[in-house]
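# Secondary and tertiary structure notes
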Amino acid sequence: MIKKQIPNTITLLNLLCGVVSIIFLFEFGNPFLCSIMIILGAVFDFFDGMLARLLKVSSPIGKELDSLSDVVTFGVAPSLIAFFYVRQSGICGSEWLCFVPLLMAMMSSFRLAKFNLDERQTSSFIGLPTPANALLWLSIPLMQYAEENSWYSISHVVSDFAFSALSSPYFILPFSLIMSVLLVCELPMFSLKFHNLQWQSNKVRFLVLILSVLLLIGFNVYAIPMILVAYILISILVRQKNTLKTC
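All residue numbers refer to positions counted from 1 along the written sequence of the respective chain. Residues qualify for local features only when their pLDDT is at least 70, as the model is predicted, and side-chain atom pairs are given and counted only at 80 or more; totals for whole chains, interfaces and linings, by contrast, use all residues. Side-chain descriptors were evaluated using all non-hydrogen atoms of the structure, hydrogens and water having been removed beforehand.

### Brief notes about the overall build of the protein chain
A run of DSSP states H or I qualifies as a helix once it reaches four residues; a run of E qualifies as a strand once it reaches two. Both are numbered from the N-terminal end. Scanning the protein chain from terminus to terminus reveals nine helices and two strands. Secondary structure elements of the protein chain occur, N-terminal to C-terminal, as α-α-α-α-β-α-α-α-β-α-α. Buried residues in the protein chain amount to 45% of all 247 residues. Note on contacts: a residue pair is in contact if any heavy atoms of the two residues lie within 4.5 Å. Expressed as a percentage of contacts within the protein chain between residues at least 6 apart in sequence, the contacts between residues at least 24 apart total 74%. Only protein chains enter the accessibility calculation, which uses a 1.4 Å probe; a residue whose area is less than 20% of its type maximum is buried, one above 50% is exposed, and one in between is partly exposed.

### Points about the environment of L103
Note that L103 resides in helix α4 (residues 103-117). Taking relative accessible area as the criterion, L103 reaches 28% and is therefore assigned partly exposed. Residues L103 and V181, 78 residues apart in the sequence, show an inter-C-alpha distance of 9.7 Å.

### What to know about the environment of C34
Along the chain, C34 falls in helix α2 (residues 31-55). Counting along the chain gives 47 residues from C34 to I81, while the straight-line C-alpha distance between them is 8.2 Å.

### Some points on helix α5 (residues 130-148)
With 19 residues, α5 extends 28 Å between its outermost C-alpha atoms, agreeing within 8% with the 27 Å of an ideal straight helix rising 1.5 Å per residue. The axis of α5 is deflected most strongly, by about 25°, at L136. For α5, the tally of buried residues reaches 14 of 19 residues, placing the bulk of the element in the interior. One less than the number of residues in a helix, times 1.5 Å, gives the span that helix is expected to have. Throughout, bend refers to the angle between the axes fitted to the seven residues that end at a position and the seven residues that start at it.

### Looking at helix α1 (residues 2-26)
Under the 1.5 Å per step criterion, the end-to-end length of α1 is 36 Å for 25 residues, consistent within 8% with the ideal 36 Å. For α1, every residue scored as buried is listed here: P7, N8, I10, T11, N14, C17, G18, S21, F24 and L25.

### Concerning the packing of α2 against helix α3 (residues 60-89)
Axes here refer to lines fitted to C-alpha atoms; in helices the fit is confined to the stretch in contact. Angles between the N-to-C directions go from 0 to 180 degrees. At a closest axis distance of 11 Å, the pairing of α2 and α3 adopts a crossing angle of 160°. In terms of axis orientation, α2 runs roughly antiparallel to α3. Considering only the axes of α2 and α3, their crossing is left-handed. Two secondary-structure elements touch here, α2 through P31, C34, S35, I38, G41, A42, D45 and D48 and α3 through D66, D70, T73, F74, A77, P78, I81, F84 and Y85. In the contact of α2 with α3, the residues fall into ten nonpolar, three polar and four charged. Roughly parallel refers to an angle under 35 degrees, roughly antiparallel to one over 145, roughly perpendicular to one between 65 and 115, and oblique to any angle outside these ranges. In this scheme, a crossing is called left-handed if the near helix is turned counterclockwise away from the far one by less than a right angle; it is called right-handed if the turn is clockwise. Charged means Asp, Glu, Lys or Arg here, nonpolar means Ala, Val, Leu, Ile, Met, Phe, Trp, Tyr, Cys or Pro, and polar covers whatever is left, Gly included.

### As for the side chain of S139
Checked against the element boundaries, S139 lands in helix α5. For S139, a relative accessible area of 0% corresponds to the buried category. What S139 contacts, discounting residues up to four positions off in sequence, is L166, I224 and P225.

### A word on the packing of α2 against α5
The contact between α2 and α5 brings their axes to 8 Å, and the two run at 145°. Crossing of α2 over α5 shows left-handed handedness. Of α5, the residues touching α2 (which contributes P31, F32, S35, I36, I38, I39 and D45) are P131, A134, L138, P141, L142, Q144 and Y145.

### Examining the nonpolar core
The term nonpolar core refers to a set of buried residues drawn from Ala, Val, Leu, Ile, Met, Phe, Trp, Tyr and Cys, joined through side-chain atoms within 4.5 Å. Ranked by internal contacts, the top residues of the largest apolar core, which has 47 residues, are I38, L128, W137 and M179. Of all the elements in the fold, those that place two or more residues in this core are α2, α3, α5, α6 (156-166), α7 (169-184), β2 (188-190) and α9 (224-246). Beyond its immediate sequence surroundings of up to four residues, W137 is in contact with P78, I81, A82, M104, F171, I172, F175, S176 and M179. Counting five residues, the second largest nonpolar core, distinct from the first, contains I10, C17, M37 and F44.

### Structural notes on the packing of aromatic side chains
Two aromatic rings from Phe, Tyr or Trp, using only the six-membered ring of Trp, form a pair when their centres are within 6.5 Å; if the ring planes differ by under 30 degrees the pair is stacked, by over 60 it is edge-to-face, and anything between is tilted. Under the definition given, this model contains eleven aromatic pairs. Summarising the aromatic geometry, the rings of F32 and Y145 are spaced 3.9 Å apart at their centres and angled 10° between planes, so their arrangement reads as stacked. Taken together, the residues span a long stretch of sequence, with F32 in helix α2 and Y145 in helix α5 at a distance of 113 residues. Look at F46 and F47: their rings are 5.2 Å apart centre to centre, the planes differ by 85°, and that puts the pair in the edge-to-face class. Taking the relative accessible area as the measure of exposure, F47 reaches 40% and is therefore partly exposed. Joined through ring pairs, the aromatic side chains of F26, F83, F84, Y85, F99 and F163 make up one cluster.

Right, here's the structure in full:
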């Protein structure tokens, strides 16, 4: 009985990270720690499924619990980061514009509910995965921290521009709408989860992993939006390649 609850406990730790991230953001005004908690939640999210498979205790309730936790950690928390920076800018023409990023929380919830019912998404995704969307928004506080603590590997001019651009409401408002659409659109996305370590069945995953590591080494936290863009573009290319094969 205890063995069955181990993966569920890890999943609940993911949920706890999402809740704590929101507390750090609004109670303590610390978006950096908010991002760190989302990243920690992603670690728990990765290991809960792996443990369930290793222990052979996968269950329908585990799947539902995973999605409920992801709604908070990768849906609500990232959208609140975007909300936080738009509100902090103080340049919106009207207060209601601050709430536009919350559409991502709604679409994340819809996307995860759809995922649980969509039999096409057993080994890949239809629409942008919620953790991928979260990556973009958690990168903004990381850039802010890097800038304030001289924690970067690129020029100060570039780091200043990157943070200023991504934290601007002129970026956040339109991109929160774009990301909301990507979350629920019918665009096939490949999964980054490895079921084995064979090159032939995982070559795209290995290439993305290698590219991500190289970008992080070269650009530090400023590479995160680049990695997200690369993931979307490679997914589109893989889809086109598979379409040509079937024609």
